[in-house]
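The chain contents come next:
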Amino acid sequence: MFVVARWEYVEKIKSKAFIISIVLIPVIMLAMGVVPGLLASRPDTDSRKIGVFDKTAELFHPLQEYLDKRFKLPDGKPNYLLIPLADTVNSVKEGKNLADALVMAGDIEGYVIIPKTIMTDSSIEYRSENVGNIRVTDRLTGAIRYLVVQHKLHERGIDPVFAKELTSPLEMKTIKLSKTGEEESGFAQVFFTAYVFMMMLLFLVMTSGQLLVRSMLEEKSNRVVEVLVSSCSPTDLMAGKILGLSGLGLTQMGIWAIIGIAISLKFGITLIALPSALLLLVYFILGYLLYAGIFVTVGAPVSTEQEAQQITSYLTIILVLPVALALPVMQNPNSSLVTILTYFPLMTPTMMAMRIPINMPSAGEIIATIALLVVSAAGVIWAAGKIFRAAILVYGKRPTIPELFRFLRA
Amino acid sequence: MLKVSQIRKQYSTVVAVDGVSLEARRGEILGLLGPNGAGKTTTIRMILNIIHPDTGTITYDGLPFNEAVRNVIGYLPEERGLYRKNKLLNAIMYFASLRGIASDEAKRRAYDWLKRFDLLNYYDRKIEELSKGNQQKVGFIISVLHDPQLVILDEPFSGLDPINQIMLKDILLELKRQGKAVIFSTHQMDHAEKLCDTICLINTGKVVLEGSLQEIKSRYGKNTIQIIYDGDGSFMPTLPGVKTAHVYENYAELVLNSTNHQSQLLVEIAQKLDVKKFEKVEPSLNAIFLELVGADKKSQMKNGDIL
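My aim in this report is to walk through the structure given alongside it, one point at a time. (Residues numbered from 1 in each chain as written. Chains lettered and ligands numbered in written order. Predicted model: local features only at pLDDT ≥ 70, side-chain atom pairs only at ≥ 80, totals over all residues. Heavy atoms only, no water.)

## Details of the sheet that holds strand β6 (residues 150-154) of chain B
Residues and elements named next belong to chain B. Read from one edge to the other, the open sheet built from 6 strands follows the order β5-β6-β7-β3-β8-β9, with strand pairing classed as mixed. Looking at strand neighbours, the two that pair on one side only are β5 (73-76) and β9 (206-212), the edges of this open sheet. Strand-to-strand twist of the sheet, defined as the mean angle between neighbouring strand axes without regard to direction, takes the value 15 degrees. In terms of strand pairing, strand β3 (residues 28-33) meets strand β8 (residues 198-203) through 4 bridges, oriented parallel. For L32, the partnering residue across the bridge sits in β8 and is C200. Helix α5 (residues 132-144) contacts β5 and β6 of the sheet and is inclined by roughly 165 degrees relative to β5. (Pairing = 2+ DSSP bridges. Helix = DSSP H or I, 4+ residues; strand = E, 2+ residues; numbered from the N terminus. Axes fitted to C-alpha atoms, helices over the stretch in contact; angles between N-to-C directions. Contact = heavy atoms within 4.5 Å.)

## Description of a nonpolar patch on the surface
Residues and elements named next belong to chain A. Judged by side-chain polarity, I20, L24, I28 and M32 come together as a nonpolar surface patch covering roughly 390 Å² of accessible area. Note on placement: I28 falls in helix α2 (residues 16-41). Relative accessible area serves as the criterion here: at 42%, I28 is assigned to the partly exposed category. (Patch = residues over 30% accessible without salt bridge, like charges linked within 9 Å, V, L, I, M, F, W, Y side chains within 5 Å. Areas by Shrake-Rupley, 256 points an atom, 1.4 Å probe, with all protein chains shown as cover. Salt bridge = Lys/Arg side-chain N within 4 Å of Asp/Glu carboxyl O. Buried < 20%, exposed > 50% of the residue type's maximum accessible area, 1.4 Å probe, protein only.)

## A few points about the pattern of salt bridges
Residues and elements named next belong to chain B. Considering all chains together, one arrives at 26 salt bridges over all chains under this definition. Put simply, D124 and K87 hold a salt bridge, and the shortest N to O gap is 4.0 Å. Note that D124 is positioned in the loop between α4 (103-116) and α5 and K87 in the loop between β5 and α3 (88-98), a separation of 37 residues in sequence. A relative accessible area of 35% means that K87 is categorised as partly exposed. We note a salt bridge from D147 to K180, for which the minimum N-O separation is 2.8 Å. In this pair, D147 sits in the loop between α5 and β6 while K180 sits in the loop between α6 (162-177) and β7 (181-186), placing the two residues 33 residues apart along the sequence. For K180, a relative accessible area of 5% gives the class buried.

## Remarks on helix α9 (residues 224-231) of chain A
In terms of burial, α9(A) is largely enclosed, as 8 of its 8 residues are buried. Those residues of α9(A) not exposed but buried are A:V224, A:V225, A:E226, A:V227, A:L228, A:V229, A:S230 and A:S231.

## Considering the pairing of strand β1 (residues 2-11) of chain B
Residues and elements named next belong to chain B. Bridge count for β1 against strand β2 (residues 14-24) is 8 bridges, and the pairing is antiparallel. What sits directly across from V4, in β2, is L22. In this structure, β1 lies alongside strand β4 (residues 55-60), joined through 5 bridges in antiparallel fashion. Bridge pairing in β4 links L2 to Y60.

## Brief notes about the nonpolar core
Most often, soluble globular proteins have nonpolar side chains that are buried together. Within the largest apolar cluster, 139 residues are counted, with the highest numbers of intra-cluster contacts made by B:L2, B:F140 and B:L172. Ranked by the residues each element gives to this core, the list is headed by helix α11 (residues 274-299) of chain A, at 12 residues. A:L63, A:Y66, A:L67 and A:I144 belong to the second-largest nonpolar core, a separate cluster that totals 21 residues. (Core = buried A, V, L, I, M, F, W, Y, C linked by side-chain atoms within 4.5 Å.)

## Looking at unusual backbone geometry
Glycine aside, residues mostly have negative phi, and peptide bonds are mostly found in the trans state. Residues and elements named next belong to chain B. Of note, N49 is a non-glycine position whose phi angle comes to about 65 degrees, a positive value. Relative to the helices and strands, N49 is located in the loop between α1 (40-47) and β4. Using a relative accessible area of 14% as the deciding quantity, one classes N49 as buried. The phi dihedral of E155 falls on the positive side, at around 50 degrees, and the residue is not glycine. Mapped onto the secondary structure, E155 falls in the loop between β6 and α6. In this structure E155 comes out as buried when scored by relative accessible area, which is 7%.

## Topic: the side chain of B:H146
All names here are of chain B. Mapping H146 onto the fold places it in the loop between α5 and β6. Residue H146 is classed as buried on the basis of its relative accessible area, which comes to 11%. For H146, the side chain forms a polar contact with the main-chain oxygen of I73, separated by 2.8 Å. (Polar contact = N/O pair within 3.5 Å; in protein donor to acceptor, adjacent residues only side chain to side chain.)

## Considerations on the interface of chain B and chain A
On the side of chain A, 23 residues touch chain B, which itself brings 25 residues to the contact. Between chain B and chain A, roughly 2,400 Å² of surface is buried when both sides are summed, and carbon and sulfur atoms account for 52% of that area. Three residues, B:I50, B:Y83 and B:Y94, lead the burial of chain B against chain A; their summed loss comes to 24% of the area buried on that side. Counting across the interface, chain B meets chain A through 1 salt bridge. Taking the shortest distance from any N to any O, the salt bridge between A:E226 and B:R45 comes out at 2.5 Å. Breaking the side of chain B that touches chain A down by element, the ones donating at least two residues are α2 (67-70) and α3 of chain B. Take the side of chain B that touches chain A: its biggest share by element is 6 residues, from α3(B). Of the residues assigned to the side of chain B that touches chain A, the class counts are 12 nonpolar, 6 polar and 7 charged. (Buried area = accessible area lost by both parts, 1.4 Å probe. Nonpolar A, V, L, I, M, F, W, Y, C, P; charged D, E, K, R; others polar.)

In structure tokens form, the structure reads like this:
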């Protein structure tokens, strides 16, 4: 069994694919998180020219002042240059047409129409080739709304400072109470911890599950499996495989975790208390074994690459489900629905991952769920062994469900 | 060494092996013969305890299968049974360690075998880079590295060139001299004829012929005539007194109803052909095979027509 485990571990860890994935996956994840933000927040380098039809004839200058004060280019020039536009003598329509032409010619980025009625119906129009530039539209609406509010306050004779006091938002500090004393911890942090845990389990199951199915498929397609099962017992073979590939997945996780912890220490973020972490680890490993067993059970009868892909993607869906449920569960970790879901073995690890950091479940519940996981993992692995034994030698056709049950009884 | 009695295996509706019995003894080579799909591989898998027979028993030195038996058997599956991406020596060492051989001992044995098979230069190559014949040799090394007492080879000659075929034959004979029991399956009768002490011919899951090669040949009698000739020999099957005839380009094997009319036959043939050789011989295994399996195929086809 350990011989098989070592082989699977050593041979796979040497493979280029593994080394690449260790480096590449965090890079991709980082890129997905950071690059769009960088792109969106990149400051403009040139002033943007915005046309303004100011039908009220009193907002143009305050607007320019407001924008100049708030938004400057890195070199100190104003970010937005406003160009006054006016109705031509003939008609409103002609004025618009002229302005449209300016936009199309690229002389101005776009233009905004401030109607006379702005003070009562609070509606403006922005016309541009590119209305997807949310930054421009946000800043313009923000600025104009501010001016309108100021104007209204002034009309009613209300002090703007007093008005600001009135509208200041209420801030709430959340403090998590626990037996060891109070500790400050925000929802975001708890959410983050649980989320990291779930993603780790998801990744581990996906990568090593896929490796497991692939390795079985390979051995099957070139009949190595016949030599293997004639040299060692199928149970040893399967256990060795699960062990070796889990080790591989854990190595990967370990490397990432060390990097992750290093980063979080550097930024002074404490993730989670140690006892909870150990408890989570227990759920993690049991959950992983359960999934590994399932992968073997459904993976052993597979004989083509396509089937393997299909099956792994189905399993992934079950695994992703709790991630989708994460937010509602965390908002209400003690609801009875959540409790019920916790006792569904496939979801136990992830549900507990969310519940433990938020509100430690009772000891009884923890023991019950761990026992449940142990029993179901053992059961699945036992069944996997039976099916592995029989199905790994079935070539060409997929066994039917009744056949699978016969394997179980054999 | 190995005794298989009355094993039967059914896959849903197909009976793959139906009451096969055979025996492999130390110092003997057993040929497991039969056409494609006869049940040879299924029989071998049951002997290896990869699949279980539905009924029947298999004993090893009188004992049923147990974990210790595993290491007594060496097995080369039909399609080599090798990893593709791994390096040659690593793969050999892995299988050796599965068999529980210490790594330096395994290395020594692997070195000897690789040298013998002229594969030493390839030890650090990936297996997929090797030719089919060389892969076959690696598979063979893996099957005998743990010095098994019972060596089972499924189609060991397929993919080997004539030189390597001779080398493998020599090695099999050597194993036999060392007192090992060897079983190999093939559908090429000439290999079996040159190597086997006993044969077991399987067709559609049933044993149709079993026993020592010598005994079988004499059982099929001395009524076979071998003719080497020039000319068109296609008329020979219709000659009187000829039971069956296998006519090739310049060579024919005739099986006669009795041995009484041989000279008469020679006269008749010599009139039409330039006969270079006319000899009374034991039937070749190939002829026996064709007679047994071919007749069965024909009757099956007839039944099929009626149904």
